[in-house]
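Examination of the molecular architecture
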Amino acid sequence: MPAIQFFEEDISYKLKNKALVRQWIKDTIIAEGFKLKELTYVFCSDAYLLPMNQQYLDHDTYTDIITFDNSEVEGDIVGDIFISVERIRENAAKFKITETDEMHRVIIHGALHLLGYTDKTIVTKQKMTQKEDEYLAKRTFNS
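The structure contained in this document is the topic of the report that follows. (Residues numbered from 1 in each chain as written. Predicted model: local features only at pLDDT ≥ 70, side-chain atom pairs only at ≥ 80, totals over all residues. Heavy atoms only, no water.)

Let's talk about the packing of aromatic side chains
Quick reminder of the rule: Aromatic pairs are defined between Phe, Tyr and Trp rings, using the six-membered ring for Trp, whenever the two ring centres lie within 6.5 Å; interplanar angles under 30 degrees are classed as stacked, those over 60 as edge-to-face, and all others as tilted. Each helix is a run of DSSP H or I of at least 4 residues and each strand a run of E of at least 2, with the numbering of both proceeding from the N terminus.
A complete count under the given rule lists seven aromatic pairs for this structure. When the centroid spacing of 5.2 Å and the interplanar angle of 85° are considered together, the rings of Tyr 56 and Phe 68 count as edge-to-face. On the criterion of sequence distance, the pair formed by Tyr 56 in helix α2 (residues 46–57) and Phe 68 in strand β3 (residues 65–69) is long-range, its members being 12 residues apart. Taken together, Phe 6, Tyr 13, Tyr 41 and Phe 43 form an aromatic cluster joined through their ring pairs.

Here's what the structure looks like:
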């Protein structure tokens, strides 16, 4: 079983270039000095993600991503990342970029959370965006 898995819940969504995306995520984790153990991405709807956002983050709004860090050993990456495909599509249109580029940004955003990056303040959000841009530029496959 691969260390990075992709699933769908309550929607149909097929991520393109899965093997290349997996390698890109692994390379990101290694470049940041961490060890990949197990990472699961779940593509879902707003309706699926909203109750999680309410229950675990106490936010009563739609969100594009929720990341759960399940690692028990420092330096190991174990996590579950839930991504709303509906938010990805809406944000891609809003920012005038492709859905694939927005999906990749959010995929790497979730990994960066597990690597210790946050986006709670203006400064940490700027650093997160810088890291997203850095790793998006390192994709070796067509988006």
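Some remarks on the nonpolar core
To keep it simple, the criterion reads: What we call a nonpolar core is a set of buried Ala, Val, Leu, Ile, Met, Phe, Trp, Tyr and Cys residues that are connected through their side-chain atoms within 4.5 Å. A 1.4 Å probe rolled over the protein chains alone gives each residue an accessible area, and that area as a share of the maximum for its type sets the label: buried under 20%, exposed over 50%, partly exposed in between. In what follows, residue pairs with any heavy atoms lying within 4.5 Å of each other are defined as contacts.
Ranked by internal contacts, the top residues of the largest apolar core, which has 31 residues, are Ile 25, Tyr 41, Phe 43, Ile 83 and Ile 107. Within the residue set of this core, elements represented by two or more residues are β1 (4–8), α1 (18–31), β2 (35–44), β4 (76–84), α3 (85–95), α4 (99–114) and α5 (122–137). No other element matches the seven residues that α4 contributes to this core. Among residues more than four places away in sequence, those in contact with Phe 43 are Phe 6, Phe 7, Glu 8, Glu 9, Ile 11, Tyr 13, Leu 15, Ile 83, Val 85, Met 103 and Ile 107.

Structural notes on the sheet that holds β2
In a beta sheet, neighbouring strands are held together by backbone hydrogen bonds and run either parallel or antiparallel to one another. Here is the rule we go by: Strand pairing is assigned whenever DSSP detects at least two bridges linking the two strands. Helix axes are fitted to C-alpha atoms over the stretch in contact, other axes to C-alpha atoms as well, and angles between N-to-C directions run from 0 to 180 degrees.
With respect to topology, four strands assemble into an open sheet ordered β1-β2-β4-β3, the strand pairing being mixed. Both outer strands of the open sheet, β1 and β3, are each paired with one neighbouring strand and no more. Going across the sheet, the axis of each strand differs from the next one's by a mean of 15°, ignoring polarity. Of the strands in this sheet, β2, β3 and β4 touch α2, which is tilted by about 50° from β3. Its contacts with the sheet put α3 on β2 and β4, and the angle it makes with β4 is roughly 70°.

Focus: unusual backbone geometry
We note that Asp 10 has phi near 60°; this positive angle belongs to a residue other than glycine. As for its placement among the helices and strands, Asp 10 is situated in the loop between β1 and α1. Despite not being glycine, Asn 17 shows a phi value in the positive range, around 55°. Inspection of the secondary structure assignment puts Asn 17 in the loop between β1 and α1.

Brief notes about the pattern of salt bridges
Put simply, the rule reads: Basic side-chain nitrogens of Lys or Arg form a salt bridge, by our definition, when they fall within 4 Å of a carboxyl oxygen of Asp or Glu.
Tallied over the full model, the rule gives 10 salt bridges. Here Lys 131 makes a salt bridge to Glu 32, at a shortest N to O gap of 3.0 Å. One end of the pair, Lys 131, is in helix α5; the other, Glu 32, is in the loop between α1 and β2, and 99 residues separate them in sequence. The exposure class of Lys 131 is buried, given its relative accessible area of 10%.

Topic: α4
Short version of the rule: The length a helix should cover is 1.5 Å for every residue beyond the first.
Relative to the 22 Å expected for 16 residues at 1.5 Å per residue, α4 spans 23 Å between its end C-alpha atoms, a close match to the ideal helical length. On the buried face of α4, the contacting elements are α1, β2, β3, β4, α3 and α5. Of the residues trailing α4, Gly 116 is marked for its positive phi of about 105°.

Describing the packing of α1 against α4
Note the threshold: Should the near helix be turned anticlockwise from the far one by less than a right angle, the crossing is termed left-handed; should it be turned clockwise, right-handed. Ten residue types, Ala, Val, Leu, Ile, Met, Phe, Trp, Tyr, Cys and Pro, are classed as nonpolar, four, Asp, Glu, Lys and Arg, as charged, and the remainder, Gly among them, as polar.
Taken N-terminus to C-terminus, the directions of α1 and α4 make an angle of 35°; their axes are 10 Å apart at the nearest point. Crossing hand, α1 versus α4: right-handed. Of α4, the residues touching α1 (which contributes Val 21, Trp 24, Ile 25 and Thr 28) are His 104, Ile 107, Ile 108 and Ala 111. For the contact of α1 with α4, a count of residues per class yields six nonpolar, two polar and no charged.

Here's the deal with the side chain of Asn 91
Considering the arrangement of structural elements, one finds Asn 91 in helix α3. Looking at Asn 91, the relative accessible area reads 13%, which means it is buried. Every residue in contact with Asn 91, bar those within four places of it in the chain, is listed here: Asp 64 and Glu 102.

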